[in-house]
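Coordinate analysis (summary)
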Amino acid sequence: MRTQVGIIGAGPAGLMLSHLLHLQGIDSIILEKRSREEIEGTIRAGLLEQGTVDLMKKTGVGERLMREGHFHEGIELRFNGQSHRVNLHDLTGGKKVTVYAQHEVIKDLVAARLNVGGKIIFNAQEVSLHDIETTEPKIQFHYDKDSELQEISCDYIAGCDGFHGPSRPSIPNSIRKEYQKIYPFGWLGILTEAPPSAPELIYANHERGFTLLSTRSPEVQRLYLQVNPNDDITNWPDDRIWKELHARLEINGEWKLTEGPIIQKNIVPMRSFVCDPMQYGRLFLAGDAAHIVPPTGAKGLNLAIADVQVLARALDTYYATGNEELLKRYSTICLRRVWKAERFSWSMTAMLHRHPDHTPFEQQIQLAELDYVTSSRAAATTLAENYVGLPIEWQAGEKEETIAGFLYNE
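In short, a report on the structure. What you see is a predicted model; the values in this text were computed from it and never measured. The residue numbers shown here count from 1 along each chain, following its written sequence. Under the rules for a predicted model, residues below a pLDDT of 70 receive no local features and side-chain atom pairs below 80 are neither given nor counted, while totals for whole chains, interfaces and linings still include all residues. The side-chain values count all of the structure's non-hydrogen atoms but skip hydrogen atoms and water molecules.

**Side note on the packing of aromatic side chains**
- Classification of ring pairs rests on two measures: the distance between centres of Phe, Tyr or Trp rings, Trp counted by its six-membered ring, which must be within 6.5 Å, and the angle between planes, read as stacked under 30 degrees, edge-to-face over 60 and tilted in between. Taken as a whole and assessed by the stated rule, the structure comprises 13 aromatic pairs.
- Centroid distance Tyr-179 to Trp-339: 5.4 Å. Interplanar angle 85°. Geometry classified as edge-to-face. Taken together, the positions of Tyr-179 in strand E13 (residues 177-193) and Trp-339 in helix H10 (residues 330-352) put the pair 160 residues apart, joining distant regions of the chain.
- Here the term buried applies to any residue with accessible area under 20% of the maximum for its type, exposed to any over 50%, and partly exposed to those in between, with areas from a 1.4 Å probe on protein chains only. You can call Trp-339 partly exposed: its relative accessible area is 38%.
- Ring geometry for Phe-344 versus Tyr-387: centroids 6.5 Å apart, planes at 80°, classification edge-to-face. With Phe-344 in helix H10 and Tyr-387 in helix H12 (residues 377-388), the pair connects residues that are 43 residues apart, well separated along the chain. Runs of H or I in DSSP of at least four residues are treated as helices and runs of E of at least two as strands, each being numbered from the N terminus.

**Topic: empty space enclosed by the protein**
- Cavity: a set of points on a 1 Å grid over the protein atoms alone where a 1.4 Å probe fits but cannot get out. Pocket: an open set with protein on both sides within 12 Å along at least five of seven lines, its lining residues, like those of a cavity, having an atom within 4 Å of a point. Grid points are joined across faces, edges and corners, and a volume is the space filled by probe spheres set on the points. For the coordinates displayed, the defined rule picks out two cavities of 30 Å³ or more.
- What the largest cavity holds in volume is close to 80 Å³.
- Looking at the largest cavity, it is lined by 15 residues, and the ones nearest its centre are Pro-196, Ser-197, Leu-213, Ser-214 and Gln-221.
- By residue number, the principal contributor to the lining of the largest cavity is strand E15 (residues 211-215), which donates three residues.
- In this structure, the second largest cavity occupies an estimated 60 Å³ of space.

**Overview of the packing of helix H11 (residues 360-375) against H12**
- Axes, fitted as lines to C-alpha atoms, cover a helix only where it is in contact. Angles between the N-to-C directions of the axes lie from 0 to 180 degrees. For the pair H11 and H12, interaxial distance at closest approach is 5 Å and the crossing angle is 95°. As summarised for this structure, H11 and H12 are arranged roughly perpendicular, according to the angle between their axes. Residues Tyr-372, Val-373 and Ser-375 of H11 lie in contact with H12, whose contacting residues are Arg-377, Ala-379, Ala-380 and Leu-383.
- Put simply, Ala, Val, Leu, Ile, Met, Phe, Trp, Tyr, Cys and Pro go in the nonpolar bin, Asp, Glu, Lys and Arg in the charged bin, and everything else, Gly too, in the polar bin. Classifying every residue of the contact of H11 with H12 gives five nonpolar, one polar and one charged. Working rule for angles: under 35 degrees goes down as roughly parallel, over 145 as roughly antiparallel, 65 to 115 as roughly perpendicular, anything else as oblique. Every residue pair with non-hydrogen atoms within 4.5 Å of one another is taken to be in contact.

**Structural notes on helix H1 (residues 12-23)**
- To estimate how far a helix should extend, the number of its residues minus one is multiplied by 1.5 Å. With 12 residues, H1 should cover 16 Å at 1.5 Å per step; its first-to-last C-alpha distance of 16 Å lies within 8% of that length.
- Extensive coverage of H1 is indicated by the burial of 10 of its 12 residues.
- For H1, every residue scored as buried is listed here: Pro-12, Ala-13, Gly-14, Leu-15, Met-16, Leu-17, Ser-18, His-19, Leu-20 and Leu-21.
- One or two steps after H1, the chain reaches Gly-25, where phi turns positive at roughly 80°.

**Focus: the state of the cysteines**
- Only a pair of cysteine sulfur atoms within 2.5 Å counts as a disulfide in this structure description. By the definition in use, this model includes zero disulfides.
- For the unlinked cysteine Cys-275, the closest cysteine sulfur is that of Cys-334, found at 12 Å.

**Some points on unusual backbone geometry**
- Residue Asp-276 is joined to Pro-277 through a cis peptide bond whose omega torsion reads 10°.
- Of note, Pro-277 is situated in the loop between strand E17 (262-276) and strand E18 (279-280).
- Backbone geometry places Asn-80, a non-glycine residue, at a positive phi of 50°.
- Tracing the backbone shows Asn-80 in the loop between strand E5 (74-79) and strand E6 (82-87).

**Let's talk about the environment of His-84**
- Along the chain, His-84 falls in strand E6.
- Overall, the relative accessible area of 24% leaves His-84 in the partly exposed class.
- Along the backbone, His-84 and Pro-137 are 53 residues apart, and their C-alpha atoms lie at a distance of 53 Å.

**Thoughts on the pattern of salt bridges**
- The term salt bridge refers to a pairing of a side-chain nitrogen on Lys or Arg with a carboxyl oxygen on Asp or Glu at a separation within 4 Å. This model, assessed by the stated rule, comprises 21 salt bridges.
- A salt bridge links Asp-108 to Arg-64, with the shortest nitrogen-to-oxygen separation between them at 2.9 Å. Taken as a pair, Asp-108 in helix H6 (residues 102-115) and Arg-64 in helix H4 (residues 63-68) lie far apart in primary sequence, 44 residues in all. Taken individually, Asp-108 and Arg-64 each receive the classification buried, so the pair is uniform in this respect.
- Measuring nitrogen to oxygen at the nearest pair gives 2.7 Å for the salt bridge that ties Arg-176 to Glu-178.

**Observations regarding helix H3 (residues 50-58)**
- Within the span of H3, buried status applies to Gln-50, Thr-52, Val-53, Leu-55 and Met-56.
- Directly beyond the C-terminal end of H3, a positive phi value near 85° is found at Gly-60.

**Things to note about the sheet that holds strand E11 (residues 149-153)**
- Any two strands are treated as partners once DSSP identifies two or more bridges connecting them. As summarised here, the arrangement of the three strands in space is E9-E10-E11, forming an open sheet in which the pairing is antiparallel. Looking at which strands have only one partner, the edges of the open sheet turn out to be strand E9 (125-130) and E11. Neighbour-to-neighbour, the strand axes of this sheet turn through a mean angle of 20°, independent of strand direction.
- Summarising the sheet, strand E10 (residues 138-142) and E11 pair through five bridges and their orientation is antiparallel.

**Some remarks on the pairing of strand E16 (residues 220-227)**
- Burial runs high along E16: eight of the eight residues are buried.
- Neither face of E16 is exposed, since Val-220, Arg-222, Tyr-224 and Gln-226 on one face and Gln-221, Leu-223, Leu-225 and Val-227 on the opposite face are all buried.
- Pairing of E13 with E16 involves eight bridges; the strand directions are antiparallel. Within E16, the residue paired with Gly-189 across the bridge is Tyr-224.
- Sheet topology places E15 next to E16; five bridges connect them, and they run antiparallel. Its bridge partner being in E16, Thr-215 is matched across the sheet by Gln-221.
- Count of turn residues in the E15/E16 antiparallel hairpin: four residues.

Now the structure itself:
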């Protein structure tokens, strides 16, 4: 097989990249190790920045999002028995965030690709990368364990295959530098069949640990508890989970957490991770293959979408003009935004979670930080700007430009 861009991974990064390339007249093939049913049925969180929503609308995959998404103009921060609203809309000049689950984004993008004849090879086995330092890199794979070896020749390869995929290890150890932080806590997440308990997301700092109240639909809600990452989910029967949620979310005044049947629960560890560079030869990493953020800042999916916007723009420029400058600067452009998102996600995590090694002094500093963020408009604006999403920026000569309004003009 032959294509211009071989894409490994049919998550949000790979699917959106293929969609954007199609709109620019650039051919691509996606390889995905899982089935379509699995990637569309794996329930994942999804809080979309303003820029992600705008991109989906502009590129024709936002119709269901606009119909079914939950648009939030603020968030609540709870501590010391009080609730404080951060007005994102007011602080950012009209921007907001949208709750729309990641698997729903995937459904929309898969449908968009298949509806125009886009090629997605599901259940691809033993995927490997070859000749990435040449002008014709290759991807090899098997359709199943008994099939013959298949090969795709490309101009470029986009590694959108997540933290455990084969793309990142294809960058030599002598070139690749990795930064990582493992947090001493995890999140116990549940899905419950219940109506919403609040109109917006609630982030709660409590002496017993952090809690997040989110939503999925008018009938299904998503809640998280800070727990030991090595704990066993069997230690958390439903009654214990609800008791802990009530204790950590309670405030002085009238407010009630609505319970319902718990239909899913699991414990996930938390980490921060960055790979530098995000490119080598004709290989470009995007999304979780290049960086991981703790979910407190809601940046994972949005960083993936930002990466592929830059890559799509760079590839479009190359195929239209032969100019490789943006491709050469892909890592520099992306990592500038990635590290800001890592900083924000780390700061939100540090501000809201109870660290097992914190002294009483450090706990008071944490509460002082929350008090400052909710009482200072300048501090609240900083949080709001990061939460709704920072622009994608690069240096163009002496002038700094943003990708907004420049990549896909209506």
